[in-house]
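# Coordinates in review
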Amino acid sequence: MTAGPWSHASWAALARLLLVPVLLAICAPSLSAAADEQSDAVKLVETVRQAAIALGHGGSAEGQLRSISAAFDGRGIAQAVLGTYWRRASADDRASVVDALLYAIAHRLADRLERTQDKTFTVLGTKALPNGDILVRSEFRRPLHGPTSVDWRVRHCRGQLCIGDVFVDGGSVTVQQRDRVAQLLAGNGGSIPALVADLRKGRV
């Protein structure tokens, strides 16, 4: 006795059965790439932390500053911090602000992280954000202090991963810099060279 023609439900079940391995084959590389990228984001954060610790302990300032600066989206941070002043600034002034801001950020991180060690610094995890950025969540503990949360927003810039912002206990370093810079520019008549001098002196 021959079997009758397959029902619509049978064909649908077969299609689903055949579709599963195809979808897995398509999705697996992208999931693997996303995991690799999040792992690279954690490595970037660790590179910055180690450079900040070395800087805080009196290591080669030039080498550590260069390492930290290369890890950050200096141009993006400077644009966010300067706001409308960025559009008016000359190319030389923009470059000076980027360098001075990264200098200030590096020293601020050194102040906060110099006393951390592997046993007091913990990466809590990573999270892919809707715009493609990666949030690396971490915390560190210091003697006589509670845990301090430090979240690193990592994005693509200059064809590689870079840090676009750091949040210490929920507060954005970029926003803090922006507010302080706005005060300084309002007080110095909008002078970019004067702002750069203040950044270099640690007044921001």
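Shown above is the structure to which this text applies.
A few points on the structure. Per chain, residue numbering runs from 1 following the sequence as it is written. Reporting of local features is limited, given that this is a predicted model, to residues whose pLDDT is at least 70; pairs of side-chain atoms are given and counted only at 80 or more, and all residues count toward the totals for whole chains, interfaces and linings. Water and hydrogen atoms play no part in the side-chain values, which are based on all heavy atoms of the structure.

### Quick look at the overall build of the protein
Put simply, the test is: Each helix corresponds to a stretch of at least 4 residues labelled H or I by DSSP, and each strand to a stretch of at least 2 residues labelled E; elements are numbered beginning at the N terminus. Relative accessibility decides the category of a residue: with a 1.4 Å probe and only protein chains considered, values under 20% of the type maximum give buried, values over 50% give exposed, and everything between is partly exposed. Whether two residues are in contact is decided by their heavy atoms, any of which lying within 4.5 Å being enough. For every accessible area listed, the method is Shrake-Rupley and the probe measures 1.4 Å; residues are considered covered only by the protein chains on display.
The helix and strand tally for the protein stands at seven helices and five strands. Taken from N to C terminus, the helices and strands of the protein fall in the order α-α-α-α-α-β-β-β-β-β-α-α. Per-residue burial over the protein gives 36% buried out of 204 residues. If you take every contact in the protein between residues at least 6 apart in sequence, the share linking residues at least 24 apart comes to 49%. Entry remark: accessible area of the protein is about 11600 Å², with carbon and sulfur atoms responsible for 57%.

### Some remarks on the pairing of strand β3 (residues 148-157)
Selection rule: The rule for pairing is simple: two strands pair if DSSP sees at least two bridges between them.
Relative to β3, strand β2 (residues 134-140) runs antiparallel, the two being bridged by seven bridges. Across the sheet, residue Ile134 finds its bridge partner in β3, namely Val154. Judged from the eight bridges that link them, β3 and strand β4 (residues 160-168) form a sheet pairing that is antiparallel. Within the sheet, the bridge partner assigned to Val154 lies in β4 and is Ile163.

### Examining the side chain of Asp73
Under the convention used in this document: Counting of polar contacts relies on pairs of N or O atoms within 3.5 Å, with two restrictions inside protein: one atom must be capable of donating a hydrogen and the other of accepting it, and residues adjacent in sequence are counted only when both atoms are side-chain atoms.
Structurally, the position occupied by Asp73 is in the loop between α2 (61-71) and α3 (74-82). Among the polar contacts made by the side chain of Asp73, one reaches the side chain of Arg155 at a distance of 3.2 Å. Those residues within four positions of Asp73 in sequence are excluded, and the remaining contacts are Arg155, Cys157, Arg158, Cys162, Ile163 and Gly164.

### Here we look at the nonpolar core
Let me state the cut-off plainly: Only buried residues count toward a nonpolar core. Its members are Ala, Val, Leu, Ile, Met, Phe, Trp, Tyr and Cys residues joined through side-chain atoms within 4.5 Å.
Val48, Phe72, Leu82, Trp152, Val154, Ile163 and Val166 are the most contacted members of the largest nonpolar core, which has 45 residues in total. A per-element tally of this core places helix α5 (residues 91-113) first, with ten residues. Those residues in contact with Val48, other than ones at most four positions away along the chain, are Ile68, Ala71, Phe72, Leu109, Trp152 and Ile163.

### Focus: empty space enclosed by the protein
To be explicit about the condition: The pocket and cavity definitions rest on a 1 Å grid over protein atoms only: a 1.4 Å probe that fits but cannot leave marks a cavity, an open set with protein on both sides within 12 Å along at least five of seven lines marks a pocket, and residues lining either have an atom within 4 Å of a point. Grid points are joined across faces, edges and corners, and a volume is the space filled by probe spheres set on the points. Residue polarity is assigned by list, with Asp, Glu, Lys and Arg as charged and Ala, Val, Leu, Ile, Met, Phe, Trp, Tyr, Cys and Pro as nonpolar; anything else, Gly included, falls into the polar class.
Following the criterion strictly, the structure yields one cavity of 30 Å³ or more and no others. Of the volumes computed, that of the largest cavity is approximately 40 Å³. Along the walls of the largest cavity sit Phe72, Ile77, Ile105, Asp165, Val166, Val173, Thr174 and Gln177, which together make up its complete lining. Only β4 and α6 (173-187) provide two or more residues apiece to the lining of the largest cavity. Looking at the lining of the largest cavity residue by residue, the class counts come to five nonpolar, two polar and one charged.

As far as function goes, none of this settles anything; it's purely spatial.
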